[in-house]
Amino acid sequence: MILGDDEGAIEAYEHVVAILREDWGITEGETVEGCRQNIAQLRQSGPGRQNEKNTPKLKES
């Protein structure tokens, strides 16, 4: 997880999904779904997050 840099974290998760797809042919499953859920949580939390209470709990994969 990249704390304080939601856009950077989103890019990193998207990169992981791309590597799984392009290098390994993996387009579904727990790891891909976890990355997609983390991306959705980061996008939903938005830039106005003020405190840890609203920080999304990211799933480790």
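For the structure itself, look to the data block above.
Reading guide: rules and limits
Residue indices follow the written sequence of each chain, beginning from 1 at its first position. This being a predicted model, a pLDDT of at least 70 is required before a residue's local features are given, and a value of 80 or more before pairs of side-chain atoms are given or counted; all residues contribute to the totals for chains, interfaces and linings. Values shown for side chains rest on all heavy atoms present in the structure; no hydrogens or waters enter the calculation. For patches, a residue must show more than 30% relative accessible area and have no salt bridge; joins then use 9 Å for like charges and 5 Å for nonpolar side chains, namely Val, Leu, Ile, Met, Phe, Trp and Tyr. Surface exposure here means Shrake-Rupley accessible area, sampled with a 1.4 Å probe, where a residue is shielded only by the protein chains that are shown. Take a side-chain nitrogen of Lys or Arg and a carboxyl oxygen of Asp or Glu: if they are within 4 Å of each other, that pair is a salt bridge. Strands here are runs of E lasting at least two residues and helices are runs of H or I lasting at least four, both read from the DSSP assignment and numbered beginning at the N terminus. Residue count minus one, scaled by 1.5 Å, sets the expected span of a helix. Only protein chains enter the accessibility calculation, which uses a 1.4 Å probe; a residue is then buried when its area is under 20% of its type maximum, exposed when over 50%, and partly exposed in between. Residues are treated as being in contact if the distance between any of their heavy atoms lies within 4.5 Å. Only buried Ala, Val, Leu, Ile, Met, Phe, Trp, Tyr and Cys residues count toward a nonpolar core, and they belong to the same one when joined by side-chain atoms within 4.5 Å. Axis definition: a line fitted to C-alpha atoms, over the contacting stretch in the case of helices. Angles run 0 to 180 degrees between N-to-C directions. Throughout, the term roughly parallel applies to angles under 35 degrees, roughly antiparallel to angles over 145, roughly perpendicular to angles from 65 to 115, and oblique to all others. The crossing is said to be left-handed when, going from far helix to near helix, the turn is anticlockwise and less than a right angle, and right-handed when the turn is clockwise.

Colleague: Any chance you could explain a nonpolar patch on the surface here in plain terms?
Modeller: Together, Ile19, Trp24 and Ile26 make up an exposed nonpolar region whose accessible area comes to about 310 Å². Here isoleucine 19 shows up in helix α1 (residues 6–24).

Colleague: Help me understand α1, please; the structure alone is not making it clear to me.
Modeller: Because each turn of an α-helix spans 3.6 residues, side chains separated by three or four positions in sequence point in the same direction. Taking 1.5 Å per residue as the helical rise, α1 with its 19 residues ought to reach 27 Å, and the 26 Å between its terminal C-alpha atoms agrees with that figure. Here α1 has its buried residues at Asp6, Gly8, Ala9, Ile10, Tyr13, Val17, Ala18 and Leu20. In the segment just after α1, glycine 25 is the residue with positive phi, at about 70°.

Colleague: Honestly, the pattern of salt bridges in this entry has me stumped. Any pointers?
Modeller: Pairing is possible between side chains that carry opposite charge, provided their charged atoms lie close to one another. For the structure shown, the criterion picks out 2 salt bridges. Here arginine 43 makes a salt bridge to glutamate 14, at a shortest N to O gap of 2.6 Å. Of this pair, arginine 43 sits in helix α2 (residues 30–45) while glutamate 14 sits in helix α1, placing them 29 residues apart in sequence. Using a relative accessible area of 35% as the deciding quantity, one classes glutamate 14 as partly exposed.

Colleague: What is the right way to read α2 from this model?
Modeller: Between its first and last C-alpha, α2 extends 22 Å over 16 residues, near the 22 Å set by a 1.5 Å rise per residue. Tucked inside the fold, the buried residues of α2 contact α1. Directly beyond the C-terminal end of α2, a positive phi value near 65° is found at glycine 46.

Colleague: Explain the nonpolar core to me, please; I cannot follow it from the model alone.
Modeller: One broad trend across soluble globular proteins is that nonpolar side chains are buried collectively. Listed in full, the 9 residues of the largest apolar core are Ala9, Ile10, Tyr13, Val17, Leu20, Val32, Cys35, Ile39 and Leu42. If you list the elements that add at least two residues to this core, you get α1 and α2. Element by element, the count of residues in this core is highest for α1, at 5 residues.

Colleague: Would you mind showing me how to read the packing of α1 against α2 here?
Modeller: Relative orientation and spacing of two packed helices are given, respectively, by the angle between their axes and the distance between those axes. Viewed as axis vectors pointing N to C, α1 and α2 meet at an angle of 160°, and their least axial separation amounts to 9 Å. One element, α1, and the other, α2, form an angle in the roughly antiparallel class. Of the two possible hands of crossing, α1 and α2 adopt the one that is left-handed. Of α2, the residues touching α1 (which contributes Asp6, Ala9, Ile10, Tyr13, Glu14, Val16, Val17 and Leu20) are Thr31, Val32, Cys35, Arg36, Asn38, Ile39, Leu42, Arg43 and Ser45.

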